[in-house]
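# Structure assessment
In case you want the letters, here they are:
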Amino acid sequence: MASRPHPAPLRDPADSRSHERIRLEAELKTALLRDEITIVFQPKIDCTSLKVVGAEVLARWNHPERGRVRPDLFIPAAEEGRQIVAIGEWVLHDACEQLARLVKNGGHRVRVAVNVSPAQFKDPAFVDRVGHALEASGLPARRLELEVTESIVLEESARTMQQGGGIGIDFSPLRPRGMPARRTGNIATGPVSFMRIW
């Protein structure tokens, strides 16, 4: 009598997602070395004048096999794999270099906003790294705006923001849509240009 085939064990979808995240983390380690991470500039339009008043820097991962990997997939993987600081620093340097070339060639003198991860903002050397990116590119600090979530700004001391203001950097706290306003003591003591709701 032939034995009956055993049904294949069911796989937990969470396990598949975990394996995929681990693969992304491993591939991210070489993405910067292979120039797979790029940036694009998303224009900010004044609703009244319809003129471009600035731009937001967005990171993109052009994977040689996967194609373009969505930010909502690779950013969390970079954070869990502790690569977000390296990627964030590269994005900052590239954004400063590209905008500096634009300004030098007589292009539109806009401000660019670069999103800063919590891990970057908490780094004691963060302001020094920003200063180095500005100095190396020749970009005036007034052309750079750093976006950081409001909760991180409130959790940290005002030291980082005050140091950034010392070299002419503006910060834009980000508040997720629907989140109630919180105390603003730390924000008020730093160089804040505006509050952005997203």
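Each value, and the rule that gives it
- Starting afresh in each chain, residues are numbered from 1 along the sequence in its written order.
- Reporting of local features is limited, given that this is a predicted model, to residues whose pLDDT is at least 70; pairs of side-chain atoms are given and counted only at 80 or more, and all residues count toward the totals for whole chains, interfaces and linings.
- Excluded from the side-chain calculations are hydrogens and water; all other atoms, namely the structure's heavy atoms, are used.
- The way it works is that DSSP assigns letters per residue, a run of H or I at least four long becomes a helix, a run of E at least two long becomes a strand, and they are numbered from the N terminus.
- Classification of residues uses two cut-offs on accessible area relative to the type maximum, computed with a 1.4 Å probe and protein chains only: under 20% is buried, over 50% is exposed, and between them is partly exposed.
- Only the protein chains shown count as cover for residues, with accessible areas throughout obtained via the Shrake-Rupley method and a probe of 1.4 Å.
- The angle between two axes is taken between their N-to-C directions and runs from 0 to 180 degrees, where each axis is a line fitted to C-alpha atoms and a helix contributes only its stretch in contact.
- By the definition adopted for this analysis, an angle is roughly parallel if under 35 degrees, roughly antiparallel if over 145, roughly perpendicular if from 65 to 115, and oblique otherwise.
- Each crossing gets its handedness from the near helix: less than a right angle anticlockwise from the far helix is left-handed, clockwise is right-handed.
- Any pair of residues with heavy atoms lying within 4.5 Å of one another is described as a contacting pair.
- Any two strands with at least two DSSP-identified bridges between them are counted as paired.
- To qualify as a nonpolar core, a set must consist of buried Ala, Val, Leu, Ile, Met, Phe, Trp, Tyr and Cys residues joined through side-chain atoms within 4.5 Å.
- Stacked, tilted and edge-to-face are the three classes assigned to paired rings of Phe, Tyr and Trp, where Trp is represented by its six-membered ring and a pair needs centres within 6.5 Å; plane angles under 30 degrees give stacked, over 60 edge-to-face, the rest tilted.

## Considering the overall build of the chain
- What the chain contains, in helices and strands, is eight helices and seven strands.
- Counting over 198 residues, the chain shows a buried share of 38%.
- Accessible area for the chain stands at about 12,000 Å²; split by element, carbon and sulfur atoms hold 54% of it.

## A look at the packing of helix 3 (residues 84-104) against helix 5 (residues 126-137)
- Look at helix 3 against helix 5: their axes get within 9 Å of each other, and the N-to-C directions meet at 30°. The angle between the axes of helix 3 and helix 5 places the two elements in the roughly parallel class. Note on packing geometry: the crossing formed by helix 3 with helix 5 is right-handed. Where helix 3 approaches helix 5, its residues Glu89, Leu92, His93, Cys96, Glu97 and Ala100 are matched on the opposing element by Arg129, Val130, His132, Ala133, Leu134 and Ser137.

## Things to note about the pairing of strand 2 (residues 52-63)
- Along strand 2, nine of the 12 residues are buried, which leaves the element largely enclosed by surrounding structure.
- Alignment of strand 1 (residues 37-45) against strand 2, held across nine bridges, turns out to be antiparallel. Looking across to strand 2, one finds that Phe41 is bridged to Val57.
- Between strand 1 and strand 2, which follow one another and run antiparallel, lie six residues, and Leu50 among them has a positive phi close to 60°.

## Comments concerning the nonpolar core
- Within the largest apolar cluster, 39 residues are counted, with the highest numbers of intra-cluster contacts made by Leu28, Leu144 and Leu146.
- Of all the secondary structure elements, the ones that give two or more residues to this core are helix 1 (13-31), strand 1, strand 2, helix 2 (71-80), helix 3, strand 4 (111-115), helix 5 and strand 5 (144-149).
- Per-element tally for this core: the top contributor is helix 3, with nine residues.
- Sequence-distant contacts of Leu28, that is, excluding residues within four places in its chain, are made with Ile37, Trp61, Phe74, Ala77, Ala78, Gln83 and Ile87.

## A short note on the packing of aromatic side chains
- With the rule as written, the count across this model stands at two aromatic pairs.
- Ring centres 5.9 Å apart and planes at 80° place the aromatic pair Trp61 and Phe74 in the edge-to-face group. Note that Trp61 is positioned in strand 2 and Phe74 in helix 2, a separation of 13 residues in sequence.
- With relative accessibility at 0%, the residue Trp61 sits in the buried group.
- Centre to centre, the rings of Phe121 and Phe126 are 6.1 Å apart; their planes meet at 55°, and the pair counts as tilted.
- Judged by relative accessible area, which is 3%, Phe126 ranks as buried.

## Quick word on the pairing of strand 5
- Across the six residues of strand 5, five count as buried, placing the element largely inside the fold.
- With four bridges connecting them, strand 4 and strand 5 associate as parallel partners. Pairing of Asn115 across the sheet is with Glu147, part of strand 5.

Purely geometric numbers; function is a separate question.
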